[in-house]
Amino acid sequence: QKEVEQNSGPLSVPEGAIASLNCTYSDRGSQSFFWYRQYSGKSPELIMSIYSNGDKEDGRFTAQLNKASQYVSLLIRDSQPSDSATYLCAVNPGASKIIFGSGTRLSIRP
Amino acid sequence: DTEVTQTPKHLVMGMTNKKSLKCEQHMGHRAMYWYKQKAKKPPELMFVYSYEKLSINESVPSRFSPECPNSSLLNLHLHALQPEDSALYLCASSQVRGTGNYEQYFGPGTRLTVT
């Protein structure tokens, strides 16, 4: 079983709609959760971090965490073509390392 | 300022060459990381330095040799690489906190090609 699982996609969403990206993790002791956006040929960019159960909003992005279900999600409202990228879910199971999921490719169609 | 810089941006080297990748951050972070990323795969952790000491080596072959000269700099020395080592090499840094909150910030990467 992979430690952090994401649907690889591609996920195709019309412009202006809500994009919903999901991630599950296996280590119940994980405390910190991150979403990174990576454009093709570029490095990962941190867009959201979440540490407590519930929702965290930042502009058009909302991260949701449910530790009981070991589930974290990212919602992107009013999706724009510039949101087309690979989104990496990352989990800190402890110590200094974070574990990345394989990423979900998101495509926003005009 | 969340900037991590890496040089060079691109590097082509032969299998008998010795080269170094450099990384610098001025965010006061005390943890620095090297990752390797192949196309369409997530970043793969190689090394972690915490307070300038190597804390994690993910069983990386000895042809990769990390060095942390001070709290702002991280180097990766390369020697006798193989073509399969061609990848994007990413440096990241983070604060070190007891609560386990490790927001890592990545540099732009070095695209390495081994011929």
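Description of the structure in this document. Just so it is clear, the model here is predicted, and its values are computed rather than measured. (Residues numbered from 1 in each chain as written. Chains lettered and ligands numbered in written order. Predicted model: local features only at pLDDT ≥ 70, side-chain atom pairs only at ≥ 80, totals over all residues. Heavy atoms only, no water.)

Residues and elements named next belong to chain B. For His29, the position within the fold is in the loop between strand S3 (18–25) and strand S4 (31–37). Using a relative accessible area of 5% as the deciding quantity, one classes His29 as buried. A distance of 2.8 Å separates a polar atom in the side chain of His29 from a polar atom in the side chain of Ser93. Beyond its immediate sequence surroundings of up to four residues, His29 is in contact with Ser71, Ser93, Ser94, Gln95 and Tyr105. (Helix = DSSP H or I, 4+ residues; strand = E, 2+ residues; numbered from the N terminus. Buried < 20%, exposed > 50% of the residue type's maximum accessible area, 1.4 Å probe, protein only. Polar contact = N/O pair within 3.5 Å; in protein donor to acceptor, adjacent residues only side chain to side chain. Contact = heavy atoms within 4.5 Å.)

Here we take up the sheet that holds strand S7 (residues 64–70) of chain B. Working definition: the strands of a sheet are paired by backbone hydrogen bonds and lie parallel or antiparallel to each other. Residues and elements named next belong to chain B. The antiparallel open sheet is built from 4 strands, whose spatial order is S1-S3-S8-S7. A single partner strand is all that each edge strand has here, and the edge strands are strand S1 (4–7) and S7. Taken pair by pair, the neighbouring strands of this sheet meet at an average axis angle of 20 degrees, ignoring direction. In the sheet, S3 pairs with strand S8 (residues 73–79) via 7 bridges, with the strands oriented antiparallel. By the bridge assignment, Leu21 is partnered in S8 with Leu76. (Pairing = 2+ DSSP bridges. Axes fitted to C-alpha atoms, helices over the stretch in contact; angles between N-to-C directions.)

A few words on the interface of chain A and chain B. By a frequent convention, interface size equals the accessible area lost on bringing the separate parts together. Contact residues are listed per partner, giving 21 residues for chain A and 23 residues for chain B. Between chain A and chain B lies a buried interface of about 1,600 Å² when both sides are counted; carbon and sulfur atoms form 55% of it. A per-residue breakdown of the area chain A buries against chain B is headed by Ser96, Lys97 and Phe100 of chain A, which together make up 29% of the total. Taken together, the links from chain A to chain B amount to 1 salt bridge. (Buried area = accessible area lost by both parts, 1.4 Å probe. Salt bridge = Lys/Arg side-chain N within 4 Å of Asp/Glu carboxyl O.)

Cis peptide bonds are those with omega within 30 degrees of zero, and the linkage from Gly9 of chain A to Pro10 of chain A qualifies with 10 degrees. Counting through the fold element by element, Pro10 of chain A comes out in the loop between strand S1 (4–6) and strand S2 (11–14). Of the consecutive residues Thr7 of chain B and Pro8 of chain B, the connecting peptide bond is found in the cis state with omega at -10 degrees. The topology assignment puts Pro8 of chain B in the loop between S1 and strand S2 (10–13). A positive phi angle is found at Asp78 of chain A, which is not glycine, with a value near 50 degrees. Structurally, Asp78 of chain A is set in the loop between strand S8 (71–76) and strand S9 (85–94).

So, about the pattern of salt bridges. All names here are of chain B. Per the counting criterion, the structure on display carries 7 salt bridges over all chains. Across the pair Arg30 and Glu52 runs a salt bridge whose closest N-O atoms are separated by 2.9 Å. Of this pair, Arg30 sits in the loop between S3 and S4 while Glu52 sits in the loop between strand S5 (44–50) and strand S6 (53–57), and the two are 22 residues apart along the sequence. Accessibility expressed as a relative area gives 30% for Glu52, which makes it partly exposed. Of the charged contacts in the structure, one is a salt bridge between Asp85 and Lys36, with a shortest N-O distance of 4.0 Å. A residue pair is termed long-range when its members are at least 10 positions apart, and Asp85 in the loop between S8 and strand S9 (87–94) and Lys36 in strand S4 qualify at 49 residues. Given a relative accessible area of 2%, Asp85 falls into the buried group. Among the charged side chains, a network of salt bridges with common partners joins Lys36, Arg63 and Asp85.

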